[in-house]
Amino acid sequence: TSIDPSFRVTSTSVDLPLWRGLGRDVPAAEALAMLADSQTVASWEKLRTGETVPYPIQMIEFTASYRWVMLAGEPCTDVGRRVKRVFANGATFVAGYCNDMRSYVPSRRIAVEGGYEGRTSFQCFGLDHSLHPDTEDVIARGVEKLKNAI
C-alpha cells in the first residue's frame, strides 16, 4: 500500500467541565513546586479556580483511512476507544501525553466509579476536583469537529 506524501493537520481546543468538591486541597505553593513551566502553571491556575479547563486535541490525517489523534493527559482506554468510534473506516492511532499533562482523563464509567483514576488523581496537582463524567462526550465532539474540518 502506498501512502500519499501529503498529509493534513488540524487542531482544536475544547472546554472540559470540572467536577468539584472532593474535599482536599494541597497548598498552592506546594502544588506549584511540582509543575514544570509557565504554561502548565497557567493551566493549573485555571483548573484551580475555573469551572472548565481548556483541552487541546490535534489530528494528523495521512490518508482517508489512516490518522493519528493526539490527546492531552493520560486518557483511559475507554476514551481512546470512543475516539476511534468517531471514524467509520481505517486505522486510528490515539496518543496521550500530548501538549499537556494534568492527570488521568477518565471516561464516564471511570469517573462515576471513582477511585484514583476517576476522582482523586487531580489531588497530586493540589486540586480538590476532577474532570466531570461528561469529559468523554466533550472530547468525542471535539474529535468529530476535527474529522469534519479535514
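Structure: see above.
What comes next concerns the included structure. (Residues numbered from 1 in each chain as written. Predicted model: local features only at pLDDT ≥ 70, side-chain atom pairs only at ≥ 80, totals over all residues. Heavy atoms only, no water.)

## Quick notes on the overall build of the chain
The condition that has to hold: Helix and strand assignments come from DSSP, with helices taken as H or I runs of at least 4 residues and strands as E runs of at least 2, each series counted from the N terminus. Per-residue accessibility, obtained with a 1.4 Å probe over protein chains only, is compared with the maximum for each type, and a residue is labelled buried under 20%, exposed over 50%, and partly exposed between these values. Pairs of residues are marked as contacts when any of their non-hydrogen atoms sit within 4.5 Å. Each accessible area value is a Shrake-Rupley result obtained with a 1.4 Å probe; residue values ignore everything except the protein chains displayed when judging cover.
Scanning the chain from terminus to terminus reveals six helices and seven strands. Put simply, the chain runs from its N terminus to its C terminus through helices and strands in the order β-α-α-β-β-β-α-β-β-α-α-β-α. Going through the 150 residues of the chain one by one, you find that 46% of them count as buried. Intrachain contacts of the chain at a sequence separation of at least 6 include 74% that bridge at least 24 residues. Summed over its atoms, the accessible surface of the chain is roughly 7800 Å², and 52% of this surface lies on carbon and sulfur atoms.

## Some thoughts on the environment of Arg 8
What counts, and what does not: Polar contact is defined as a pair of N or O atoms within 3.5 Å, subject to the rule that within protein one atom must be able to donate a hydrogen and the other to accept it, and that residues adjacent in sequence are counted only when both atoms are side-chain atoms.
Tracing the backbone shows Arg 8 in strand β1 (residues 8-19). Spatially, the C-alpha atom of Arg 8 lies 8.1 Å from that of Met 59, the residues being 51 residues apart in sequence. At 2.3 Å, the side chain of Arg 8 forms a polar contact with the side chain of Glu 61.

## Things to note about the side chain of Arg 67
Where we set the bar: Residues scored as charged are limited to Lys and Arg (positive) and Asp and Glu (negative), so that His and the chain ends carry no count. For this analysis, a salt bridge means a side-chain nitrogen from Lys or Arg found within 4 Å of a carboxyl oxygen belonging to Asp or Glu.
Here Arg 67 is to be found in strand β3 (residues 66-71). Although buried, Arg 67 forms no salt bridge, and the nearest oppositely charged side chain, Glu 61, lies 4.2 Å from it. Within the local environment of Arg 67, its side chain forms a polar contact with the backbone oxygen of Ala 64, the two atoms lying 2.8 Å apart.

In short, the description is geometric, and any link to function would need to be established separately.
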